[in-house]
Every structure is written in structure tokens, then in C-alpha cells.
Number of protein chains: 2
Amino acid sequence: MGHYVNFQDELKKRTDEAEAAIRQYLPPEEGFAKTMAEAMNYSMCAGGKRLRPILMLETCRLFHGDEELVRPFMAAMEMIHTHSLIHDDLPAIDNDDYRRGRLTTHKVYGEAMGVLSGVALLNYAYETMFRAFDMAPGDSRVIRALRVMSEKTGIYGMLGGQSVDVENDGKPLSREMLDYIYEHKTSALIEASMMTGAILAGASEEEIAAIEKAARNIGLAFQIQDDILDVTSTSEELGKPVHSDEKNHKVTYVTLFGIHKAAQQVEELSREALGILGSLNQKNEFLCALTEELISRRK
Amino acid sequence: MGHYVNFQDELKKRTDEAEAAIRQYLPPEEGFAKTMAEAMNYSMCAGGKRLRPILMLETCRLFHGDEELVRPFMAAMEMIHTHSLIHDDLPAIDNDDYRRGRLTTHKVYGEAMGVLSGVALLNYAYETMFRAFDMAPGDSRVIRALRVMSEKTGIYGMLGGQSVDVENDGKPLSREMLDYIYEHKTSALIEASMMTGAILAGASEEEIAAIEKAARNIGLAFQIQDDILDVTSTSEELGKPVHSDEKNHKVTYVTLFGIHKAAQQVEELSREALGILGSLNQKNEFLCALTEELISRRK
């Protein structure tokens, strides 16, 4: 990160900002449904990278938006993402006992609560986003952001990608289908994050479309880097088991094209994303540095 | 139904209206995520009573509201309700193979798709409700309805009730806790249905509060009647196994108070709901007849 001094310090600042927004909107652990709130918060506070809320806030900053308005959406995005991780880990899907070095939600709270608290987090994301109407009643940007968030989460977004992934588990996959899965399972929420930042900041239609394209590339690069790390990293570095793709006979960019070509793809996708970000009238140096960082990350 | 001629014919008309609203908003079965859309539609078209959308539309009519605006919410309510049934039937929760005389979703599409298509239906409910903004951009009634729908669905509503139900499975329950479960697991969505009909029709705060109270009673009566039918009905009448509560050592109004007293409660709750509906300035005879019908239903 030669061109951006103190990247790690700056990232730490952003992570703290995202943590603060998330914690502001977590459900209180009280009342009859206390255990459900605990299960929701257990997974929300498991020490994720908070990449999506950070990307949302930095895209909002790129277009000089109102940071207060974006905060409920930052928390909601992390709830949507975390809900998908809880369900991914379920016995019926990936059957993982550990994530980020801790027991998964269903291992601690049981499988029924794993299903229900995942759903409750997704629903709470909507409850949280609706609180933006308290700050901006009837605001058309809030409504537009809500529609993008919901579409990129559902059958035409992340959940659609997950369903195709699950349906083809263990089967040979074409490049076309793998791209569909990655663009939906992973890119869709990155797109929603950055588009929401742009929309709430009042970016133009052209700018929103450019951000969507950059985000798609960042998401793909991120997912392919995940494939690479599953082969090259250690479980200590990663905080989860490695070589799981091989063990599960999973088709990935690495199994389709080999590590070298997969790494080239990450590099290319990141360059293209940086090219789009560089072509905008506004600049956000940290956002560019973060995009570059995604290539070289070790976890 | 002496005071309301041709109740069954009128109910059939309302059911058809609800079916039409629901079918208008179902996801098309196409593209890569075709199987997910099929799984969503399989459960949505399994021949439910459509009670919640009917209650929503009839409450909207009670206050002379715009029926077009309420249609996406009718479909969304049935999606939310159906999502909860799919998840209820999962092996990790009630482990039911049949519902309404047909194989449950996870028996047909597998457990992973059962989890994911349930979630996708919940999310699609939001995507569908947001389409009301096409008819009424930035409308404060739409926003209010969205907030009621989300709150009554989530940890402070149905999902909270389900979590407490699951957590206490097989344990002795106090009356207080059973009431909490029924008021949330069952009444919350009935409340959301009727409140949304009232809100979208522009009812006053007092009227909305009265409708919430009536709906709570209707929901409780409906759930206790369910407990009674589990003991007194046959599986042919009910389209699902009977005596399941006894088999699962489930605490219900019947096990706590006996059939006779449970039936009295249903009667009382229905009378109180009818009293509230009768105290409003506007009248909807069919809505009252439907409320009475809930007492005497056999399935």
C-alpha cells in the first residue's frame, strides 16, 4: 500500500465506525424472546471484517452524503450478511461447526434457533432500515435504497445465488454457472452496499450504474481470492478449516482454472474496479486502497 | 350463520380475490434460480385458507380504502405466513412430512432448499410490498404499514413467538408463557393483516388501536380452536395428522384447561372481537360473519 500511508490504521478507524453503527441497532437482550436476541447478537458480534458496511459508508463519503442516514443501512447490511452465514453453516447446507474461530450459531443455540435467529436477523434488517424514515420521512432515496437492498438480497440476488450453489452441490459446473453463483451469492450484497451508499448520498443514475459495475468486480475478486485462500492459507490464519472446497468436491475458480490464472483474474477484476472508481468526478483514496487490499489479503 | 345469508358463497368470492392478488405477485419460474421460484410457488399454491389476506382486504373495505394499494400487501402477508409454515415443517423444528394433504416443501425440494426458499419468500414479501410505492410514492400510510408488517413478523412478533415455542418444546409452560407464544406466533400476523388494511385505508389512530385489539382476540381464538381440532378432528378433515400435540407432549389450551374450558375461551374471545368491531362507526357484515365462523370451523 505504498501510495496510501497507514492503511491499517485507517482501516481500523473505519472498522470501529462500522462496529459503532452496528451496535447502535442490535436488538436488546430482554423479554421472553431474550434467547433469540442473544443468538442474533452472538453471530453479529463474532468479529467479522465489516467489509460491506465499510464499503457502504466510504461510497457515501465518495459522493459527500449524509452519514447519519446511512448508519441504519450499514447495520442492516451486516445483519443480512450475517443471516446468510448462519444459514450457510447449518447441517442441511455446509454443516460447519466453526466460523471465525468460534462455534457456529446452531452449535451453541441448536438447529431450530439457528434457522429462526437467521430469519429474525434478516427481518430485523428491514425493521432497522425503516428507522431511516424517522430521519427522512417519505424520502425517495431511502425508498430506492430499500428496493435495491431487498432485490440484491432475494431470489434475484444473494438467495438466488445460494439456491443455485446448493442445487449443484458436488456436480460439475460450467464457467457461466459459476459466474452466476459468484455474482449473486457474493457480489450482490457488495453491489447493494456500494449502491446504497451512492443512492443515499444523492449520486446520479450514471454514477449509481458505475458503482454497481465496480462493486460486481470487487465482489468477484473477493470470492475468487476466497477460493485461493482456501488452498494456500492455514486454518490459523483463516479462522476456519482450509481445503474445505477440495474436501467437498466444490467447483471453484481454482479447480476450474488453477491458482495462477485465478490470481490473475483477481488482479484484473480489481484493476477494472479501480479504473471505474478513478473515472468518477469525485475521489475517495481510502476506497481505492481498500479495493487494492482485497487482492493481497491473507484472510 | 343465520344472520348472514350465503356465507360460504361470499367466503368463496373473498378467497378468489385473495388468490388473484397472490398470483399476481408470485415470482416467475425462469432463469438460473428457477428451482427456488418453483419451491416458493409450490408452498404458496398449496391451497391455504388465505385467511390473513382476506382479513386485510375486509378491514380495508370496512374503512372504505383503496383496494389496489392493499393488493401487494395481501400477497406479501401470505408469503410471510407461508415462509413460517415451510420453516415450521423442517426436521429441526416440527419435522412434518405432510401439510394440507401434500408433501412439505423440504420433502420435495430437500432441506437446504426448504431453509432457503422459506427465507426467499420472506424477503420477496418485502420486495412485493415495496411495489406499493409505484402506486403511492413516498406515501406515509405505506411506510406505516411496512413498519407494522415488519415488527409483527420479527423478534417482537411472530418469530419471537416461534423462538419461545421452540425453546420450551416439551417443557411445562405457564399460562403467561403460553399466552405470549399464542399472541406472537399466531395473533401477530392477524394483527398485522387487519392493521395494514386499516392503515392503508386511512383509519384513525383510535380505529387502528381497536382493530389491533380485535385482531389479537381473533388470533387467540383461532389458535385455541386449532388446539381443539387437534383433539376432536380427523386427519381427513384437517388434511394433516391429528393428536400431534399429545404425541409431541405439547402444552396447549386444551392440555392446560381441558376441551370444555378451551371452547369457552374461543367463544369469549370471538364475542369480544365482535364487540369491538360492532363499536366502530363503520360496519362490515362479512368481517363479523367470518369472525363468528372461526368458532365453529372444523378445519
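Reading the values: the criteria
- Residues numbered from 1 in each chain as written.
- Chains lettered and ligands numbered in written order.
- Predicted model: local features only at pLDDT ≥ 70, side-chain atom pairs only at ≥ 80, totals over all residues.
- Heavy atoms only, no water.
- Least-squares fit on C-alpha atoms with pLDDT ≥ 70 in both.
- Contact = heavy atoms within 4.5 Å.
- Buried area = accessible area lost by both parts, 1.4 Å probe.
- Salt bridge = Lys/Arg side-chain N within 4 Å of Asp/Glu carboxyl O.
- Helix = DSSP H or I, 4+ residues; strand = E, 2+ residues; numbered from the N terminus.
- Nonpolar A, V, L, I, M, F, W, Y, C, P; charged D, E, K, R; others polar.
- Buried < 20%, exposed > 50% of the residue type's maximum accessible area, 1.4 Å probe, protein only.

**Points about the relation of the copies chain A and chain B**
Each of the two chain copies goes to the other by way of a rotation about an axis and a shift along it.
Thinking step 1. Once chain A has been moved 0.0 Å along the axis and rotated by 180°, it coincides with chain B to within an RMSD of 0.0 Å. Interpreted geometrically, this transformation is the action of a two-fold axis. The rotation axis passes nearest to the C-alpha of Gly138 of chain A in chain A, at a distance of 2.1 Å.

**Notes on the interface of chain A and chain B**
Thinking step 1. At the junction of the two partners, chain A supplies 49 residues and chain B supplies 49 residues.
Thinking step 2. Both faces considered, chain A and chain B share a buried interface measuring about 4,300 Å² in area, 74% of it formed by carbon and sulfur atoms.
Thinking step 3. A per-residue breakdown of the area chain A buries against chain B is headed by Phe32, Phe130 and Ile155 of chain A, which together make up 17% of the total.
Thinking step 4. Summed over the shared surface of chain A and chain B, the result is 2 salt bridges.
Thinking step 5. Put simply, Arg147 of chain B and Asp134 of chain A hold a salt bridge, and the shortest N to O gap is 2.9 Å.
Thinking step 6. When residues of the side of chain A that touches chain B are traced back to their parent elements, those giving at least two are helix H2 (34–44), helix H4 (67–88), helix H6 (111–130), helix H7 (132–135), helix H8 (140–153), helix H9 (158–167) and helix H10 (175–200) of chain A.
Thinking step 7. It is H6 of chain A that contributes the most residues to the side of chain A that touches chain B, 13 residues altogether.
Thinking step 8. Residue composition of the side of chain A that touches chain B, by class: 30 nonpolar, 11 polar and 8 charged.

**Quick notes on unusual backbone geometry**
A negative phi angle is the norm for most residues apart from glycine, just as the trans form is the norm for most peptide bonds.
Residue and element names in this part refer to chain A.
Thinking step 1. Unlike most non-glycine residues, His64 shows phi in positive territory, near 55°.
Thinking step 2. Looking at the element boundaries, His64 is found in the loop between helix H3 (51–62) and H4.
Thinking step 3. Take His64: its relative accessible area is 64%, and that puts it in the exposed class.
Thinking step 4. A positive phi angle, near 50°, is found at Asn95, a position not held by glycine.
Thinking step 5. Residue position: Asn95 is located in the loop between H4 and strand E1 (98–99).

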